Each structure stands twice: as C-alpha cells, then as structure tokens.
Amino acid sequence: MIGLLQRVSEARVTVAGEPIAQIGPGLLVLAGVERHDGEAQADRLLERVLTYRVFPDAEDRMNRSLADTGGGLLLVPQFTLAADTRKGTRPGFASAAAPEEGERLFAYLVERARARHGEVGAGRFGADMQVSLTNDGPVTFWLQARPPEAS
C-alpha cells in the first residue's frame, strides 16, 4: 500500500461541488492500494502515517508526528499511485488492486484511522473528487508498506 503524505495547513475534498471532508493543519495522505496488499499493509501504512516525524519541534527540526501534534488526517483514495510508469508514455495499472479490493482496503484504512486518531476525514472511493490543499513547507513523502514476497 502506498501513501503520498503531505503536511498541510489545510486540505479539503469536494465531490459534485459539495465538500465531503476537510481538515486544518495536519496530513493529507493520498492512498493507493496495490494488487497483493492486505490488512497488514494498511495497518503498517497507518502506523507510519501516524508516527512519521514531519512536524517541527522547538528547534524547527522535523521531530514530531501527527500523533504528537493531534493534527487532522485526510485520507484520499488514489489508485493512480499504483501505476507502472517505467516505460512508454501511458501508465499501466496491472499492479493496482482490483476496484472491489481497493475499496475494501481503503475503507479498512479509514476505519482503523478513526479508531486510533482524533480528526480523520476521507475522500470517496471511485468518485470524481476535487482535492485542494495548502502544502506546508512544502513537505511531501512517499511511504510504502509492501507485502511479503510471494513465492
């Protein structure tokens, strides 16, 4: 499972002109589900998102996590993160999870996040979403929780 983590001052998701989720200072995470991902990868990604130190401490060093700051978390499904872009000019999606499995694991990720963290918003799987954000820094990291190698 892939998470593109962005430290934000604010972020919002809109569907059909209606806001469905928004946060103030915190993290916007675009989440992509890969073909062999399972709940263990969602759990590991969430652990990393909540504890990854991307917020400044008193010395302005990135030593504080979302769990430390209590900021907002906005999770947005984005299957294009699982694209294969190694060759050509058109991405391939054979490595992405099937839509039903992607939706199930994204819902699981959101459920687990809401159980562990205070302010959690979520985009809508499969919807045409407009995502707006103010990237703080900018600070952006690619996190990946991979399944054990298949035999």
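Structural notes, computed from the coordinates. What you are looking at is a predicted structure, and each value in this text was computed from that prediction instead of being measured.

### Describing the nonpolar core
Now for step 1: Formed by 28 residues in total, the largest nonpolar core has its most connected members in Leu27, Val49, Leu73 and Leu75.
Now for step 2: Elements with a minimum of two residues in this core: strand 3 (26-32), helix 1 (39-51), strand 6 (72-77), helix 3 (99-116), strand 7 (120-122) and strand 8 (129-144).
Now for step 3: If sequence neighbours within four positions are ignored, leucine 27 has contacts with Leu5, Gln6, Arg7, Val8, Val49, Val54, Phe55, Leu66, Gly72, Leu73 and Leu74.
Now for step 4: Membership of the second largest hydrophobic core comes to 14 residues, among which are Leu4, Val13, Val15 and Val76.

### Side note on the environment of glutamate 103
Now for step 1: Among the secondary structure elements, glutamate 103 is positioned in helix 3.
Now for step 2: The partly exposed category is assigned to glutamate 103, whose relative accessible area is 44%.
Now for step 3: Taking the C-alpha atoms as reference points, glutamate 103 and valine 33, separated by 70 residues in sequence, lie 8.6 Å from one another.

### Quick notes on the packing of aromatic side chains
Now for step 1: Summed over the entire model, instances satisfying the criterion amount to two aromatic pairs.
Now for step 2: With centroids separated by 5.5 Å and ring planes inclined at 70°, the aromatic side chains of tyrosine 52 and phenylalanine 141 adopt a geometry described as edge-to-face. Taken together, the residues tyrosine 52 in the loop between helix 1 and strand 4 (55-56) and phenylalanine 141 in strand 8 connect sequence positions 89 residues apart.
Now for step 3: Using a relative accessible area of 26% as the deciding quantity, one classes tyrosine 52 as partly exposed.

The rules behind the values
- Residues numbered from 1 in each chain as written.
- Predicted model: local features only at pLDDT ≥ 70, side-chain atom pairs only at ≥ 80, totals over all residues.
- Heavy atoms only, no water.
- Core = buried A, V, L, I, M, F, W, Y, C linked by side-chain atoms within 4.5 Å.
- Buried < 20%, exposed > 50% of the residue type's maximum accessible area, 1.4 Å probe, protein only.
- Helix = DSSP H or I, 4+ residues; strand = E, 2+ residues; numbered from the N terminus.
- Contact = heavy atoms within 4.5 Å.
- Phe/Tyr/Trp six-rings, centres within 6.5 Å; stacked < 30°, edge-to-face > 60°.

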